[in-house]
Amino acid sequence: MTMNEGETMLKKLFAILGLSCIITLLLVACGSGSNASAGPNPVHMNATNFVQSSITIKKGESITLIDDDLFVPHIIANGTWENGTAQPVREAGAPEINDVKIGGTSSAAIGPFTTPGTFKLYCTVHAGMNLTVIVQ
């Protein structure tokens, strides 16, 4: 191998290593969005549903709604979907949740829930997207 071939190979190696470092940094930065937003009692949302249909928490706690879909926003309110029809209602003791917008892999804290009971939340955009919060 000549000196020029060695220098060329070394330059290619450094270019590949540099590109690998840049890609790794981008993946780490992009991948931390959802986890960095996680707060107490996380509830994840995909494009059209809550990943879990209910959560049980202690009196005085909040929940953190996390949108895992980059392109699909959600608007959360007190109430529920019943037979394809939105039923906005705020149960006695429920915190007021009035059109909380969550989108683009962001999150929002809901609460605190200061009264024991069962409370319903729904996405006003996606029919059938309901969450039950049970407070003990």
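Residues numbered from 1 in each chain as written. Predicted model: local features only at pLDDT ≥ 70, side-chain atom pairs only at ≥ 80, totals over all residues. Heavy atoms only, no water.

### Re the nonpolar core
Counting residues in each nonpolar core, the largest one holds 21 residues, and the members touching the most others are Ile-63, Leu-65, Ile-76 and Val-133. Elements represented by at least two residues in this core include exactly strand S1 (42–45), strand S2 (54–57), strand S3 (63–67), strand S8 (107–110), strand S9 (117–123) and strand S10 (130–135). In this view, Ile-76 contacts Met-45, Phe-50, Leu-65, Ile-97, Asn-98, Asp-99, Val-100, Ile-102, Leu-121, Tyr-122 and Cys-123; residues no more than four positions away in its chain are not counted. (Core = buried A, V, L, I, M, F, W, Y, C linked by side-chain atoms within 4.5 Å. Buried < 20%, exposed > 50% of the residue type's maximum accessible area, 1.4 Å probe, protein only. Helix = DSSP H or I, 4+ residues; strand = E, 2+ residues; numbered from the N terminus. Contact = heavy atoms within 4.5 Å.)

### So, the sheet that holds strand S7 (residues 100–102)
On the basis of which strands lie adjacent, the open sheet formed by five strands has the order S2-S10-S9-S4-S7 and mixed pairing. In the strand order of this sheet, the two ends are held by S2 and S7, each with one partner. On average, adjacent strands in this sheet sit at an angle of 25° to one another, irrespective of strand direction. When strand S4 (residues 74–78) meets S7, the two strands line up antiparallel, connected through three bridges. Of the residues in S7, the one forming a bridge with Ile-76 is Val-100. (Pairing = 2+ DSSP bridges. Axes fitted to C-alpha atoms, helices over the stretch in contact; angles between N-to-C directions.)

### Digging into the environment of Asn-130
Within the secondary structure, Asn-130 sits in strand S10. For Asn-130, a relative accessible area of 22% translates into the label partly exposed. Once the C-alpha coordinates of Asn-130 and Ser-54 are considered, the two residues, 76 residues apart in sequence, prove to be 8.5 Å apart. With sequence-adjacent residues up to four places away left out, Asn-130 is seen in contact with Asn-49, Phe-50, Ser-53, Thr-80, Trp-81, Leu-121 and Tyr-122. At a separation of 2.7 Å, a polar atom in the side chain of Asn-130 contacts the main-chain amide nitrogen of Trp-81. (Polar contact = N/O pair within 3.5 Å; in protein donor to acceptor, adjacent residues only side chain to side chain.)

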